[in-house]
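Overview (structure and organization)
Below, each chain spelled out in residue letters.
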Amino acid sequence: MSTAAVKLVATPFYQELPSDVSMRLDTFLNYILLERVEIVPEQRKWILHLSLSCPVQEEILGLLTESLKKRLNSGNENNGITIEIKTKMSPDVTLELLCQEHWLQIIQDIHEKVPSLKVWLNASVKYEVVKNRLTFFVPSMMAMEYCQLKQDSLESFFRQKYGLEARIFWEIEETAAEEEIYFDAEKEEQKYVEEILSKKPEEKKEKKEQNAVLLGREIKGTPAPLADIHDEEKQVIVEGEVCETEIRLLKSGRQLLSFGLTDKTNSIGCKLFFDEGKKPLEINKGDWLRVKGSVQFDRYTTELTLMPRDMMTVSKTSKPDLAEEKRVELHLHTKHSEMDGVSSIQNMVKRAGEWGHTAIAVTDHGVVQAFPDAAEAGKKYGVKIIYGMEGYLVEDAGTNPVELSRSRSFHIIILAKDYTGLKNLYKLVTASHMEYFYRRPRIPRSLLDAHREGLILGSACESGELMRAILQKKDAAEIKKIASYYDYLEIQPLGNNRFMLKNGEVSSEQELIDMNRHIVSLSKELGIPVAATCDVHFLDKEDEVYRRILMAGKGFADADEQAPLYFRSTDEMLKEFAYLDEEDAYRAVVATPRMIAEQVAEIKPFPDDFFEPKIEGAADKIRDMTMTRAYELYGNPLPEMVQKTLNKELDSIIGNGFAVLYLIAHLLVKRSNEDGYLVGSRGSVGSSLVATFTGITEVNPLPPHYRCANPECLYSEFVTDGIAGAGVDLPDKICPQCGRELVKDGHDIPFETFLGFKGDKVPDIDLNFSGEYQPRAMKYTEEIFGKENVFRAGTISTIAEKTAYGFVKNYLEERKVKYNQTELNRLVSGCTGVKRTTGQHPGGLMVIPKECDVFDFTPLQRPANDTSSDIITTHFDYHSISGRLTKLDLLGHDDPTSIKMLEDLTGLDAKKIRLDDTQTLSLFSSTDALDVTAEEIGSTTGTLGIPEFGTKFVRQMLEDTKPSSFSHLVRISGLSHGTNVWVGNAQDLVLNGTADISNIIACRDDIMIYLIQMGLNSSHAFKIMESVRKGKGLKDEDIEAMKKQNVPDWYIDSCQKISYMFPKAHAVAYVTMAFRIAWFKINYPEAFYATFFTVRADEFDAELICSGVKKCREAIKEIAAKGNNATAKDKNLQTILEIVVEMYCRKIKLRKVNLWESDAVRFQVTPDGLLPPLSSLQGVGETAAASLVKLREHGTIKSVEDIQARSNGKISKTVIETLQQHGCLEGLPDKNQLSLF
DNA sequence: CAGTTTGTCCCGAAGTC
DNA sequence: ATCACGACTTCGGGACAAACTG
Ligand SMILES: Nc1nc2c(ncn2[C@H]2C[C@H](O)[C@@H](COP(=O)(O)OP(=O)(O)OP(=O)(O)O)O2)c(=O)[nH]1
Ligand SMILES: [Mg+2]
Ligand SMILES: [Mg+2]
Ligand SMILES: [Zn+2]
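Below or above, wherever it landed, is the structure these notes cover. (Residues numbered from 1 in each chain as written. Chains lettered and ligands numbered in written order. Predicted model: local features only at pLDDT ≥ 70, side-chain atom pairs only at ≥ 80, totals over all residues. Heavy atoms only, no water.)

**Structural notes on the protein's contact with DNA strand B**
Lining the immediate environment of DNA strand B, one finds 25 residues, of which Thr798, Thr803, His841, Thr1183 and Lys1210 sit closest. Near the protein, meaning within 4 Å, the atoms of DNA strand B are sugar or phosphate in a fraction of 98%, with bases accounting for the rest. At 2.7 Å, a side-chain N or O of aspartate 766 approaches a sugar or linking oxygen of DNA strand B. Take lysine 887: an N or O atom from its side chain is 3.1 Å from a phosphate oxygen of DNA strand B. Counting only elements with at least two residues in the surface near DNA strand B, the list comes to strand 26 (790-798), helix 27 (801-814), strand 27 (835-847), strand 30 (886-893) and helix 45 (1182-1193). (Near = heavy atom within 4 Å. Polar contact = N/O pair within 3.5 Å; in protein donor to acceptor, adjacent residues only side chain to side chain. Helix = DSSP H or I, 4+ residues; strand = E, 2+ residues; numbered from the N terminus.)

**Let's talk about the packing of helix 33 (residues 952-961) against helix 34 (residues 966-975)**
Contact geometry for helix 33 and helix 34: axes closest at 11 Å, N-to-C directions at 140 degrees. In terms of orientation, helix 33 lies oblique with respect to helix 34. The way helix 33 lies across helix 34 gives a crossing that is right-handed. The segment helix 33 lies against helix 34, with Met957, Leu958 and Thr961 engaging His968, Leu969, Ile972 and Leu975. For the contact of helix 33 with helix 34, a count of residues per class yields five nonpolar, two polar and no charged. (Axes fitted to C-alpha atoms, helices over the stretch in contact; angles between N-to-C directions. Parallel < 35°, antiparallel > 145°, perpendicular 65-115°, else oblique. Left-handed = near helix turned anticlockwise from the far one by under 90°. Contact = heavy atoms within 4.5 Å. Nonpolar A, V, L, I, M, F, W, Y, C, P; charged D, E, K, R; others polar.)

**Things to note about the coordination of the zinc ion (ligand 4)**
Donor atoms from the polypeptide that bind the zinc ion (ligand 4) are Cys708 (SG), Cys713 (SG), Cys735 (SG) and Cys738 (SG), placed at 2.2 to 2.4 Å. Coordination geometry of the zinc ion (ligand 4): the four donor atoms subtend angles of 99 to 121 degrees at the metal centre, consistent with an arrangement described as tetrahedral. On the basis of relative accessibility, which here comes to 33%, the residue cysteine 738 falls in the partly exposed class. (Donors = N, O, S within 2.8 Å, 3.2 Å for Na, K, Ca; no water. Tetrahedral: all angles 85-135°; square planar, octahedral: opposite > 155°, others 65-115°. Buried < 20%, exposed > 50% of the residue type's maximum accessible area, 1.4 Å probe, protein only.)

**Notes on the site of ligand 1**
In the vicinity of ligand 1 lie 14 residues, with Ser684, Lys761, Asp764, Asp766 and Arg1029 positioned nearest. Here an oxygen atom of ligand 1 sits 2.8 Å away from a polar atom, N or O, in the side chain of lysine 761. Contacts to ligand 1 include arginine 1004, whose side-chain N or O atom sits 2.9 Å from an oxygen atom. When the free accessible area of ligand 1 is taken as 600 Å², the share hidden by the protein chains comes to 70%. Its residues assigned to classes, the shell around ligand 1 comprises four nonpolar, four polar and six charged. (Areas by Shrake-Rupley, 256 points an atom, 1.4 Å probe, with all protein chains shown as cover.)

**So, the side chain of threonine 838**
The residue threonine 838 is located in strand 27 in this model. Polar side-chain contacts of threonine 838 include one of 3.1 Å to the side chain of glutamine 861. In terms of polar contacts, threonine 838 uses its side chain to reach the backbone amide nitrogen of alanine 864, at 2.9 Å. Among all residues touching threonine 838, those that are not within four sequence positions of it are Gln369, Thr795, Ile796, Ser797, Gln861, Arg862, Pro863, Ala864 and Asn865.

**Notes on the protein's contact with DNA strand C**
Of all residues adjacent to DNA strand C, which total 25 residues, the nearest are Thr837, Asp894, Glu948, Thr951 and Val983. Those atoms of DNA strand C that come within 4 Å of the protein belong to sugar or phosphate at a rate of 78%. One of the backbone N or O atoms of glutamate 948 is found 3.2 Å from a phosphate oxygen in DNA strand C. In this structure, lysine 1213 approaches DNA strand C through a main-chain N or O atom, which is 3.1 Å from a phosphate oxygen. When contributions to the surface near DNA strand C are tallied by element, the ones reaching two or more residues are strand 27, strand 30, helix 33 and helix 47 (1213-1222).

**Quick look at the pattern of salt bridges**
By the definition in use, this model includes 55 salt bridges. A salt bridge links arginine 468 to glutamate 505; the shortest N-O distance between them is 2.6 Å. Taken together, the residues arginine 468 in helix 13 (residues 465-471) and glutamate 505 in the loop between helix 16 (499-502) and helix 17 (509-526) connect sequence positions 37 residues apart. Of the charged contacts, one joins glutamate 544 and arginine 548 as a salt bridge, the two residues approaching to 2.4 Å between their closest N and O atoms. Of this pair, glutamate 544 and arginine 548 are both found in helix 18 (residues 544-553), four residues apart, which corresponds to roughly one turn of the helix. On the accessibility criterion, glutamate 544 (17% relative accessible area) is buried. Through salt bridges with shared partners, a single network forms among Glu544, Arg548, Asp560, Glu814 and Arg815. (Salt bridge = Lys/Arg side-chain N within 4 Å of Asp/Glu carboxyl O.)

**Considerations on the packing of aromatic side chains**
Enumeration according to the criterion identifies 33 aromatic pairs in this entry. Look at phenylalanine 658 and phenylalanine 754: their rings are 6.4 Å apart centre to centre, the planes differ by 70 degrees, and that puts the pair in the edge-to-face class. On the criterion of sequence distance, the pair formed by phenylalanine 658 in the loop between helix 22 (640-655) and helix 23 (659-674) and phenylalanine 754 in helix 25 (residues 752-755) is long-range, its members being 96 residues apart. Of the two residues, phenylalanine 658 and phenylalanine 754, both sit in the buried class. Relative to phenylalanine 1080, the ring of tryptophan 1079 has its centre 5.3 Å away and its plane inclined at 85 degrees; by these criteria the two rings are edge-to-face. On the accessibility criterion, tryptophan 1079 (18% relative accessible area) is buried. Three or more aromatic residues joined by ring pairs form one cluster here, namely Phe1088, Tyr1089, Phe1092, Phe1093, Phe1100 and Phe1163. The ring of tyrosine 566 is capped by arginine 568, whose NZ or CZ atom sits 4.1 Å from the centre of that ring. (Phe/Tyr/Trp six-rings, centres within 6.5 Å; stacked < 30°, edge-to-face > 60°. Lys NZ or Arg CZ within 6 Å of the ring centre and 35° of its normal.)

**Side note on the nonpolar core**
Membership of the largest hydrophobic core comes to 124 residues, with the highest contact counts inside it found for Phe949, Leu1011, Met1042, Tyr1051, Phe1093 and Phe1100. Among the elements that make up this core, the one with the highest residue count is helix 40 (residues 1064-1083) (14 residues). Ile345, Met467, Ile513 and Met846 belong to the second-largest nonpolar core, a separate cluster that totals 82 residues. (Core = buried A, V, L, I, M, F, W, Y, C linked by side-chain atoms within 4.5 Å.)

**Notes on the sheet that holds strand 4 (residues 82-89)**
Read across the sheet, four strands follow the order 1-2-3-4 without closing on themselves; strand pairing throughout is mixed. The open sheet has two edge strands with one neighbour each: strand 1 (6-7) and strand 4. (Pairing = 2+ DSSP bridges.)

**Structural notes on the sheet that holds strand 7 (residues 167-172)**
The three strands are arranged 5-6-7 in an open sheet whose pairing can be described as mixed. Of all strands in the sheet, those with a lone pairing partner are strand 5 (126-130) and strand 7, marking the two edges. Neighbouring strand axes in the sheet, compared pairwise and without regard to direction, differ in orientation by 20 degrees on average. The pairing of strand 6 (residues 133-138) with strand 7 spans six bridges and is parallel. Across the sheet, the residue bridging to valine 138 is isoleucine 172, located in strand 7. Here helix 6 (residues 151-162) sits on the sheet in contact with strand 6 and strand 7, set at roughly 135 degrees to strand 7.

Structure representation (structure tokens):
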């Protein structure tokens, strides 16, 4: 080790450098001193400490490191030595000096370190150095705000890079334009972050201490399998994965931590107690633990339970892949192989990554729905994804369509080599689902041939064409012909095919071996490579139990005979083919799959960018329409508040490509209104004033204000002193200009909730259509964009908790296996998430811009592959392609239907109902307005049947909070939606006096506004709001920033708990609708009840309900007594009955269903009371009801026999009996009185 | 006429806003 | 009786009855 610094040029290191490197170093030679060399023997690492008297580019230092490392490890001696370079500036270099001499270099280094600063800190940026203070002059407030965020990074950069304690200051240089610069900076940053993420996935891995003792002492003994525990035991040692955890507060104040442990042979519940106030151990799902303790019979759970005495973490004991050169799996199924694959692609790719496999293929049966998750996992774990599919090939050469549809299909592996291949694959998926679907999505050979470019074909498994031919002992020429169709031939472990011994297709183990040998020899003969594949259906051997349970659930008799279709390591796989020549085996297992993997390019299933549709002139139309409406309501010139809001919004909407979406939404609303169906407002789009002015929402997001509706006057006045949360809560006022009563409006909602600050969110536009009109709205959208440019988003239904639970229970009980709750839960969670069927999104339409091709984003299919459906959906679900395409959400909703019916019945215009009506407001806290008592109707508020305000939970909230204004109702609406928003969160804060109803979090906008107020950077505040509203909680850096700005702990805590939260705009829209319906409930009770029962009461049971209020009360009690055992239907019926009781209390009569007068499905208001429809009788469906009405209209009904005979079988015996029971057929003869004489 | 297919009604489950 | 998000759509499957098929 040298003590005095020497010039690098004088050291042996320099001599060792290749000439190209030393040449590039030459410029710096006089500035680099080698201080000392530190050697870390145990890491085989040399650290060169350099002292620099001028900044040296990172690139140069990197070059130096690399070439020295290469040199030291060259030749046959691979020493494994690593080199690290640490630099500091020589002590006589001051900040001033450095900046004077090397400003350009410094700026360049800054750009490398913090790319987003490029925009503001270029070489010409003004700066000033005084001692260790460096002041930058940036162009704008925004720039400064942004730069300040990077201050810490910059200071630490000066420290690390130059060893200087620089203090950085920012000042505004008064001149430049700002907005756009800001925008670019963020993009730059984004790009950089993405780059880093994509480059170094392994750096994100979690650091967790292994073998740490969590409790008691270190455990020395060997763990026993959990399956061996059958009884109470004094002491056992076990090891496994934590599969569930729960912390409960006991009455005594002690805390109970219970968790489940599984080693996949069995599972066991564990219990640990902690004293009051002590922090329980932190144990998470997925942790691996070794536990020593006693097994006791727990009387509370009535199960054997492990009481840990000692506990430690252990490293996960998954088997390694130690091979030097590793295999690549080319045939793998995930949970997206319908009811067949049981492991997630994430876990598969994770394993491949842990094993050091460079690539892994995804080949689900007939579908590619695992691609999005695969792409994400590939990025995360640094494994190349080979996008593929196991298709169903059918021979169509020389067959007619009928034969084609019946012929058997063969499995075939199709891998996409590049983007051409991927697109072809998507086309094949589409065609096989849309045109050739018969039980399975089938691919005719001619179609495959036509799309073969960019695809690699493998011969698949025993259900592949090649193996079938061999099994059928077809002649050699034929077999050769078949084999030559493929790019590679597959052989699989014998275990995959052993089931054929049982079913008699193959007579001996030897024959199985011979088949694989046959394929190897074919390969040699034809020069087509052989690849050994697992046909993976589950990750680990033990995971086959999940597949067994699923197959048993589907009714397969042979469910228990699972082939070992697990993911094998290289050595495991080589062992499977030990009977082959060593060289052949190695080639098949390792060399060929690697070679194939190398042919495949790194691709993505779809682009990452956002693509918006374009329509000529859309932006101008939106702008004009908005301004016209604005002038109409607020006069010209516009009040400053309106003008400013519109400027900001229009720039953002048009700049971010949302003009077209606005235009379409506007047209849809307009068309629906013209067709007589009003449209309900919904979603975050109500935060946009442009949306208000274009008719997309009726929510007005401006601050509370008055405006004069007199077109000659148009006076307006904004009230920003905070006395009212909503315009409608303002006191009435007369226009000071013209004396008319002023209109009150404005709900004070920030636009950014919709689009963010810099378009950093891709929202949708949501509209509530009447259920009857929804399909027409969809059709109209297709008309506007063209059928080939809009598609219904598809959904993927999986086995979820309940179904899995049923399957597991059945499985275990049928086989009389003893099990405990923990093991049951573990098996259930292993079975969930497996695809079961596909469906259609409730209202999502994805828009493909004209200049794009849908196959750049997704294949297409029909919901549930129902060939008779005329709906086309995306093959990927909305979530996985969100952010790339614009989406319209045309949802069905009952509010518009209800309001329309109420308007029809009363002849009124619901929009004219005053939202400051005090009587209506009182309904939300008392029953007085209904003229009934709380006892009579069993509710202290009058909101039974008012949408989103009628449930027990919300009524309780209303009772507790007694809302006294419209804006108060809006807050209640926000607080009453989402888990852990009110109970266990806001409610506690109010009760214990920490906060009051005005500053708790009631809707997502609250969060953003408050955080900005507290001094957080606005875009960070926005991000926090988005994270909280989705129930994702806060990140560490969020909490840090919040604490820094003195956001109180209770607020942070509250954010962490929220699992979902409305935008204010949505709450306003829904309260508006609820308020109107409440008004009708008070003023037009018959119309209200008729509407409620027609629109929202599927379970209306006329037979029960017509028998009087007493029977109804009894029925309510009966259902209540069922408690948790009440079904969804029971609960629905209960609400209906409660409303019926209320109706009876208000002295409104209900008639019996009447064969001659009752409508098929609608309740009618008649002078003698409400008349229920035919379909309100349980057992009389809509079809039967409709055909009864039709019979009635086409000539008289002469007899009971007549009804059945003339109904085309639509009216069954059961229906007739139901009608008879209810007395509808009284006086009607059984048979036609037709005399034969 | 027996066996199979088709149509209705209902219900639970899942997904989504 | 506890606690408690509300509302809406679609799909599969069971029960049953009627219509069709050979
Ligand atoms: N009660 C309740 N309503 C929901 C839930 N999810 C969505 N909604 C309602 C409120 C939303 O504003 C509205 C539209 O949903 P979206 O998914 O389009 O979200 P939103 O418009 O709020 O935000 P966006 O800007 O589209 O990301 O539907 C939920 O989990 N519970
Ligand atoms: Mg939305
Ligand atoms: Mg939506
Ligand atoms: Zn006026």
